[in-house]
Amino acid sequence: MTMNKIITTQELLQLMPFLLMLAGPVILLVIIAIKRNHLFSWFFTLMTFAGVLVTVIANFQQLPLNIAMLTVDKFSLLYTGIFAIVGIVITLLSHNYLEKTSDHKEEFYLLLVFATLGSSLMVASNDFVSLFLSLEVLSVSLYSMIAYLRNQDRAIEAGLKYLVLAAMSSAVLLFGIALVYFETGALSYAAIGAKLGKTGFTPYLVAGFAMIIAGAGFKMSVVPFHWWTSDVYQGANSPVTSFIATVSKGGMVGAMIRMFTIIPGLENNAVVLVLTIIAAASMFLGNILALQQTNLKRLLAYSSIAHLGYILIAFISFGNGGTQAATFYLLAYFATTLGAFGIIAFLSTSEGEAENISFYKGLYWRKPALAAFMTLVMFSLAGIPLTSGFVGKFFVATSGVKADLWVLLFFLAINSVIGVYYYLRVVVMMFSNKDNQVETIVCRKGVSAGMIALVFVAVMILYLGVYPSGIMELIQKSAIN
Amino acid sequence: MDLITIAFYFFSALTIVFGAVVVFTKNIMHAAFSLLFAFFGIAGLYVLLSADFLAITQIMIYIGGILVLIIFGVMLTTRITGVDVKTGKIGKIQIGIAGLLTVLIAATLIMIFSTSKWYLADSKPLDSTVNEIGTALLTNYLLAFEAASMLLLIAIVGAAFIARKKH
Amino acid sequence: MEIGLTHYLVISAILFSLGLYGIITRKHAIMVLMGLELVLNAANINFIAFARYGGMNIEGHIAAIFVIILAAAEAAIALAIVLNIYQNFRHVNIDEVDDLKG
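Reading guide: rules and limits
- Residues numbered from 1 in each chain as written.
- Chains lettered and ligands numbered in written order.
- Predicted model: local features only at pLDDT ≥ 70, side-chain atom pairs only at ≥ 80, totals over all residues.
- Helix = DSSP H or I, 4+ residues; strand = E, 2+ residues; numbered from the N terminus.
- Rg over C-alpha atoms; globule rule 2.2 N^0.38 Å.
- Buried ≥ 20, exposed ≤ 12 C-beta atoms within 10 Å, placed from the backbone.
- Contact = placed C-beta atoms within 7 Å.
- Nonpolar A, V, L, I, M, F, W, Y, C, P; charged D, E, K, R; others polar.
- Expected span 1.5 Å × (residues − 1).
- Arc of directions from axis to C-beta.
- Axes fitted to C-alpha atoms, helices over the stretch in contact; angles between N-to-C directions.
- Parallel < 35°, antiparallel > 145°, perpendicular 65-115°, else oblique.
- Left-handed = near helix turned anticlockwise from the far one by under 90°.
- pLDDT = per-residue confidence, 0-100.

Engineer: Is there a simple way to think about the overall build of chain A in this case?
Structural biologist: Along chain A, the regular secondary structure elements total 20 helices and two strands. Scaling as 2.2 N^0.38, a compact globule of 481 residues should have a C-alpha radius of gyration of about 23 Å, and chain A matches this with 22 Å. Overall size of chain A, expressed as C-alpha extent along the three principal axes, is 70 × 60 × 40 Å. Considering chain A as a whole, with its 481 residues, one finds that 63% of them fall into the buried category. Taking contacts inside chain A between residues at least 6 apart in sequence as the whole, the part at least 24 apart equals 81%.

Okay, here's the thing in structure tokens:
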């Protein structure tokens, strides 16, 4: 019997960020059952995320803790902290949005915190069982979040599509895990890494890892596992879409970074070749499809495919500061994406979302501040200097140069140019057509929370763009060794 | 042929034949009930693999839970008496491509499985796995066990919210 | 020939492919769900067979238990969504539910 291990208080304290995200929604669930109050649930969720952030900071200097298939180290705490901040921004944006659109609002916050927990646990996982479970915690929360506005046909439809495809991809992932399990007889990364050191890479392990990469690629929405992206982005409501674009993808990128760091030999040629093809295809297909979109949410969906392609370049350059560059790019992309979907959520009414690009025609003449903010976001997406997007691309390119990935860097350059074209098209549209008064934006009360979120995002985009070294140092300190 | 061999072929035939019926039949009720037999066959295979706890779980949760849920879903969304119980399929060309793809994947997997030299350890079947599974779940896998319970909670909240009556 | 690991793996491979075929070709949402269950079960057979012939470690069983839990959770939400689709559209054929385009 191995029943001599007892969790100490110290370990419990180190697990606090995760436990808070577990306890918070459960307490909220009980409160909702007694009495529904949107404002209170909203505030409670904000406090939960704030508590997570505080415990992350308090635990940051602790020694890494390996407990029950989780590794609580600086890397996972960094990601958890980032997710908590994103959670706060999304919560701020959601209040006004749900007030306008949904009859029951409180459950949304439960699912939001649970999904964030799933993503955080994914990054902390050091074992395939916990990876799979936390992935499913994230996915199952997302199914309901996407279909949350159940009176809207398109939300329900997006929910079903996402469910079928996500379930299929996790089944494929599972099959891959099973193959790796048998070849190595282990499920934890460390044990698999140790076995691999002895036996090397067999073709069957390649098959297993290919299936795992396929499952992971679905969550990251890279080509050829990207078909769901545009439909789900469009069908889900904007706060949820911003969650899918940030926390859900970030969790998988973090989990893959940990897996590839702990399991040596994954840098072997076959795997790198597959990743290179995926990266190149994602960049080109994402950008080319984005060119033809007239719907802003679909445009952002396709552009996200391309951005994940850029992140993969950093990922492929493994030892050359690539993982840090990927983390930074992710952070920069988070800020930008939250800005873009934040503004859509902000301008949406109960009749529908502000998702047609034509809606933004002449926005500058009606709402100059919002137009200026949108311009900043589009500049950042396009990678124009002084924005976070530029610095992110710079770090990716640097790691690519160190790893001699010249072909991919060439593709990155071409795609950046294509990107500039369609992002700037949105900007030009906002400043044109002074007389376009067809759609006027109704000013609503209670927008202040969303306003705070948008201002915060704008500050982050500029901060990361002007003074990246502060954050970069933090990221380098939190690298897995 | 000893008893185990016969049992193996019986259960695998059950699984494969009824699995195929699930996928190929036009009648959705037939599919749901064939799934029952397929699950039962799989539970039998688990017994042969000396996974007694898993076999019971398979029967209790898959047949007692999930399958009942599916049959409820079928009954609530289809008119059993009408033609609606027949389920459509997509065009012939797509079916051809899907079939080809599936056969290809199956062939590749079977080839891999039957030619590879697996890492085989000496296997001594245990009397019962319940004890070990219980211990593992409450020690090394405690956090994962908690995560699983959370998963069910999320599913309950989500399903209850989405399926609730509209007003 | 004595029944060994390969036999179980072949069964699992066939089941996996059948499920995949069902997911791809079916229109009815619940039928797609049934295909999914077959694929998940195929993965489970793999885990258990590997646990049996790979030195009887319990990890495979634990993984299989978690997969069953997942299948239950997924089925519950899937059916909730399907019921909603039925209320909104009056049918549950996936390819006819296509408001999202572009």
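From this point, things continue past the structure.
Engineer: Teacher, can you tell me more about the interface of chain A and chain B here?
Structural biologist: Contacts between chain A and chain B engage 33 residues on the former and 22 residues on the latter. When residues of the side of chain A that touches chain B are traced back to their parent elements, those giving at least two are α2 (16–34), α5 (106–124), α6 (128–146), α7 (153–184) and α9 (203–220) of chain A. No other element matches the ten residues that α6 of chain A contributes to the side of chain A that touches chain B. A class-by-class count of the residues in the side of chain A that touches chain B yields 20 nonpolar, eight polar and five charged.

Engineer: What am I meant to see in α5 of chain A here?
Structural biologist: Spanning 19 residues, α5 of chain A covers 28 Å between terminal C-alpha atoms, matching the ideal 27 Å at 1.5 Å per step. Across the 19 residues of α5 of chain A, 19 count as buried, placing the element largely inside the fold.

Engineer: Help me understand helix α8 (residues 189–199) of chain A, please; the structure alone is not making it clear to me.
Structural biologist: All names here are of chain A. Buried residues of α8: Y189, I192 and L196, and no others. One face of α8 carries all of its buried residues, which in axial projection span an arc of 65°. When the buried face of α8 is taken as reference, the exposed residues oriented beyond 90 degrees from it are G197 and K198. Next to the buried residues of α8 lie α7 and α11 (238–262). At the C-terminal side of α8, G200 shows a positive phi close to 80°.

Engineer: Can you help me understand the environment of M252 of chain A in this one?
Structural biologist: Residues and elements named next belong to chain A. Within the element layout of this structure, M252 appears in helix α11. C-alpha of M252 to C-alpha of L131: the two residues are 121 residues apart in sequence and 9.5 Å apart in space. When near neighbours in sequence (up to four residues on either side) are disregarded, M252 contacts M122, A216, K219 and M220.

Engineer: Any chance you could explain the packing of α5 of chain A against helix α6 (residues 142–163) of chain B here in plain terms?
Structural biologist: Geometrically, a packed helix pair is captured by the angle between its two axes and the distance between the axes. Two elements in contact, α5 of chain A and α6 of chain B, have axes separated by 11 Å at closest approach and are oriented at 150°. With respect to each other, α5 of chain A and α6 of chain B are oriented roughly antiparallel. As for the relative orientation of α5 of chain A and α6 of chain B, their crossing is left-handed in sense. Every residue of α6 of chain B that contacts α5 of chain A at E107, L110, L111, F114 and L121 of chain A is listed here: A147, M150, I154, V157, G158 and F161 of chain B. Here the contact of α5 of chain A with α6 of chain B is composed, by residue class, of nine nonpolar, one polar and one charged.

Engineer: Explain the confidence of the model for chain C here, please?
Structural biologist: The predicted structure's coordinates, where accompanied by low pLDDT, should not be read in detail. On average, residues of chain C carry a pLDDT of 83, and 84% of them reach 70 or more. Both confidence scores are given for the complex: pTM 0.92, ipTM 0.89.

Engineer: What is the right way to read the packing of helix α4 (residues 74–101) of chain A against α11 of chain A from this model?
Structural biologist: Residues and elements named next belong to chain A. At a minimum axis separation of 9 Å, α4 and α11 run at an interaxial angle of 175°. Relative to α11, the element α4 is oriented roughly antiparallel. Contacts between α4 and α11 involve F75, Y79, F83, V86, I90, L93, S94 and Y97 from the former and S238, P239, S242, F243, T246, V247, G250, G254 and R258 from the latter. Within the contact of α4 with α11, the residues separate by chemical class into ten nonpolar, six polar and one charged.

Engineer: Sorry if this is basic, but what is going on with the confidence of the model for chain A here?
Structural biologist: Overall, the predicted model of chain A reaches an average pLDDT of 88, with 95% of residues at or above 70. Averaged pLDDT values for the elements of chain A fall to 82 in helix α15 (residues 363–366) of chain A and rise to 95 in helix α3 (residues 38–59) of chain A.

Engineer: Which parts of the structure should I look at to understand the environment of A29 of chain C?
Structural biologist: If you trace the backbone, A29 of chain C turns up in helix α2 (residues 29–53). Separated by 56 residues in sequence, A29 of chain C and I85 of chain C have C-alpha atoms that sit 9.7 Å apart.

Engineer: Looking at this model, I keep getting lost on the interface of chain B and chain C. Mind explaining?
Structural biologist: Much of the literature gives interface size as the accessible area that the parts lose upon coming together. Listed as interface residues are 69 residues of chain B and, on the opposing side, 63 residues of chain C. Elements that contribute at least two residues to the side of chain B that touches chain C include exactly α1 (3–24), α2 (28–48), α3 (52–77), α4 (92–115), α5 (130–138) and α6 of chain B. Its residues assigned to classes, the side of chain B that touches chain C comprises 48 nonpolar, 17 polar and four charged.

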